[in-house]
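# Descriptive analysis of the structure
So the chains spell out like this:
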Amino acid sequence: MSPPGTRQAGQEPSPWRYRRFVMFATGNTVNNVGEGVYTAALPLLAFDLTGSVVLMSLLAALVPIGLLLGPLFGVVVDRWGPRVLVVPGLVVQIMAASALNVFALADGAPIVLLFVLGGIIQLAGAAYRAGWMAGVPTMFPECPVRSRGTLKSLFLATLVIGPLLVGLLLPVVGYLGLLWFNVATCVVPILVWAMRIKPPRVARQAPAGARALGADLMDGWRIFRADRAVMIATVIKFPLVFIGSSGTMTLALFILQDRWEIPADKVGLIMTGCAVGGLAGSLALSQRREFRLYPTLIAGAAGLTVALFAMAVPVLAALIMAMVLLTAVNGMLAASLEMMIVKHVPQAGIGRVSGILRLLGGIPAFVGPLLVPVGVAAIGAQPTFALLGVIGLAAAVWLHRTRLMWRETAPDAGERVAVRSSVLVPLAATENAALATTMVTFSGLVDGLEHLAVLFGNPAAQDSPLVRLHSECLTGDVFGSARCDCGPQLHHSIDLMRSAGGIILYLRQEGRGIGLYNKIDAYRLQELGYDTYEANRKLGFPDDLRNFGVAAQMLTAIGVSEIRLLSNSPDKAAQLAANGITVRVVTPTTAFVTEANREYLRTKIRHAGHLIDLDENLRRNA
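Everything numeric here is computed off the predicted structure, so don't read it as measured data. (Residues numbered from 1 in each chain as written. Predicted model: local features only at pLDDT ≥ 70, side-chain atom pairs only at ≥ 80, totals over all residues. Heavy atoms only, no water.)

## Details of the overall build of the protein
On a plain count of helices and strands, the protein comes out with 22 helices and seven strands. Among the 622 residues that make up the protein, the fraction classed as buried is 50%. On the protein, roughly 27,500 Å² of surface is accessible, and the fraction owed to carbon and sulfur atoms is 65%. (Helix = DSSP H or I, 4+ residues; strand = E, 2+ residues; numbered from the N terminus. Buried < 20%, exposed > 50% of the residue type's maximum accessible area, 1.4 Å probe, protein only. Areas by Shrake-Rupley, 256 points an atom, 1.4 Å probe, with all protein chains shown as cover.)

## As for the packing of aromatic side chains
Aromatic rings considered in pairs are described by the distance between their centres and by the relative angle of their planes. The final tally for this structure, using the stated rule, is seven aromatic pairs. Their ring planes at 75° and their centres at 4.6 Å tell us that F24 and W132 sit as a pair that is edge-to-face. Pair noted here: F24 is in helix α1 (residues 19-50) and W132 is in helix α5 (residues 111-139), with a separation of 108 residues, a long-range link. The residues F24 and W132 share a single accessibility class, namely buried. Members of the aromatic cluster, connected to one another through ring pairs, are W16, F21, F24, Y128, W132, F140 and W193. The ring of Y523 carries the charged tip of R483 above its face, separated from the ring centre by 4.5 Å. Over the ring of Y533 we find R512; its NZ or CZ atom is 4.3 Å from the centre of that ring. (Phe/Tyr/Trp six-rings, centres within 6.5 Å; stacked < 30°, edge-to-face > 60°. Lys NZ or Arg CZ within 6 Å of the ring centre and 35° of its normal.)

## With respect to the nonpolar core
M311, M323, M340, L357 and F385 are the most contacted members of the largest nonpolar core, which totals 63 residues. A per-element tally of this core places helix α12 (residues 316-344) first, with 13 residues. Counting 25 residues, the second-largest nonpolar core is a separate cluster that includes V446, V550, L555 and L576. (Core = buried A, V, L, I, M, F, W, Y, C linked by side-chain atoms within 4.5 Å.)

## Section: the side chain of E510
Relative to the assigned elements, E510 resides in the loop between β5 (502-507) and α17 (516-527). Beyond its immediate sequence surroundings of up to four residues, E510 is in contact with E472, C473, L474, G515, L516 and K519. (Contact = heavy atoms within 4.5 Å.)

## Overview of helix α14 (residues 381-401)
Counting along an α-helix, one turn takes 3.6 residues, and residues three or four places apart therefore face a common direction. The end-to-end C-alpha separation of α14 is 31 Å, in line with the 30 Å expected for 21 residues at 1.5 Å each. Every buried residue belonging to α14 is among A381, Q382, T384, F385, L388, G389, G392, A395, A396 and L399, and all of these are buried. Down the axis of α14, the buried side of the element spans an arc of 160°, and every buried residue falls inside it. (Expected span 1.5 Å × (residues − 1). Arc of directions from axis to C-beta.)

## Structural notes on the confidence of the model for the protein
On average, residues of the protein score 83 in pLDDT, and 88% of them reach the 70 mark or higher. Averaged pLDDT values for the elements of the protein fall to 52 in helix α22 (residues 614-621) and rise to 96 in β5. Scored below 50 in pLDDT, residues 1-10 makes 46 contacts in the model with residues more than four places away or belonging to other chains. Taken as a whole, residues 408-415 scores under 50 in pLDDT and shows 18 contacts with residues more than four places along the chain or in a different chain. (pLDDT = per-residue confidence, 0-100.)

So this is what it looks like as structure tokens:
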């Protein structure tokens with residue numbers, strides 16, 4: 001069971017079982033074929049009209065322009081729902097493409113008009129796709145992850161079909177006929193929409209005094225950062241996208257023609273084989289009943305490493321097979337991005353996070369073609385392939401070393417989070433009186449651990465009860481360790497809730513998730529001069545393994561959806577918000593600073609942005 005607002009793929013059925021998906025996928029794919037034809041034909045037409053390779057390249061460069069506005073389209077989707085971008089985007093595409101065909105291609109038309117209308121077409125297409133893809137999880141809730149992955153596979157198929165159609169139809173209908181074909185394909189998704197296959201209406205109009213655009217974007221960034229799997233997967237994909245970029249394939253094509261003197265028609269066949277390999281890699285992932293992120297990433301890193309080292313071998317057969325393998329892995333990684341978004345990102349932030357991920361993913365894809373030629377000029381082609389292979393190997397080794405943080409221990413699909421039991425437990429408050437609390441246990445929590453909720457009074461009856469997320473710290477909570485301020489924090493929270501009421505969620509996440517024994521090992525490293533985060537990394541763990549989505553599950557199970565959070569950690573508020581809990585107020589807790597734990601708290605401020613005034617708290621506790 002995934003945290004509220006997120007999706008766990010589990011054993012999803014095939015989306016092809018559902019007639020609505022078949023019709024939606026058909027309309028989407030027809031439109032993608034038209035776009036593939038347009039993308040291949042327009043730069044060729046520009047060269048035919050002007051004879052300028054520069055203008056041809058500039059028109060081709062308009063294709064990824066939608067990446068730049070992806071986060072802004074995401075804000076629109078998340079605030080007003082996916083529906084607002086789909087039909088308007090398609091209508092603008094049709095109008096701009098028709099104007100391009102009628103006016104921009106007329107005799108004497110300025111070339112700048114071709115660029116302006118081409119840019120509008122790309123932006124409108126990006127807006128339409130942002131709406132369509134963000135709506136997939138709500139349109140096909142039975143299989144949202146596989147639906148998104150399958151649509152990505154179909155898109156990759158159009159990368160093969162589009163250029164092929166250009167080659168077949170250009171002698172028959174000419175450039176203008178191909179461009180009108182693209183206009184016609186934009187109508188097909190509108191017909192699908194007219195058949196009521198569209199995202200459900202979302203009542204998410206911005207209220208009066210809505211936050212500024214920048215605040216919405218920052219919320220999207222916090223949602224992105226709240227899921228550590230998504231954030232770390234994005235980071236590890238930087239080197240993977242870089243080494244598998246078009247720069248690598250361009251170098252391989254150069255070697256085919258320069259060193260091996262393969263004729264152009266044979267190179268075309270090899271590229272078709274590579275495109276089929278990319279489609280096969282995408283289908284191999286998207287048609288699996290269950291999507292798991294870590295195995296996909298480790299397979300991608302290993303596959304790219306093998307392909308690049310094989311390219312470094314001066315054997316023609318090895319080079320060709322490596323090119324097919326590289327595109328197959330790229331296809332798998334491309335599908336994994338779409339499936340990761342649906343599985344791990346809450347619906348309320350799926351538009352913004354999708355835009356952010358595509359924008360970030362475009363950086364290594366852009367840098368790769370720039371740096372690969374630099375490597376070739378410096379060390380030669382084969383050593384450049386080997387160097388790229390070393391980067392892939394380093395990514396694979398890092399993924400292996402951090403495998404524990406990717407463990408998926410969710411209960412069986414279909415199990416719902418529920419209150420397992422609750423019991424009155426009096427806590428010692430004074431010598432003559434006890435503090436009545438209710439301790440609640442749960443079933444179906446995402447990590448399967450025995451977390452506990454301690455209720456003071458009747459917090460579910462409050463509009464926004466005070467809530468403290470407290471990660472277990474045996475050394476501080478029980479034995480009073482002076483290395484941290486966990487014990488005093490816990491007891492201070494109990495004192496506050498004695499009168500105000502509230503909830504303490506006691507989370508079994510010892511040592512920021514690494515466990516008691518590993519925490520003790522980290523203490524030993526701290527004695528050697530490492531800080532608390534450096535010690536974790538030295539042991540092979542990330543800075544923080546905790547997932548506070550489980551806290552959102554617990555709150556939802558006891559009927560609480562809005563809270564006042566008692567915390568110094570920005571990450572807790574962000575993760576709760578990303579998992580469907582409204583955090584009305586964040587109240588900083590008192591930091592119990594001593595000379596023994598001052599450096600530890602300073603490190604938390606520096607590394608994790610904790611809101612602590614060390615000097616003031618040190619004076620207060622002196």
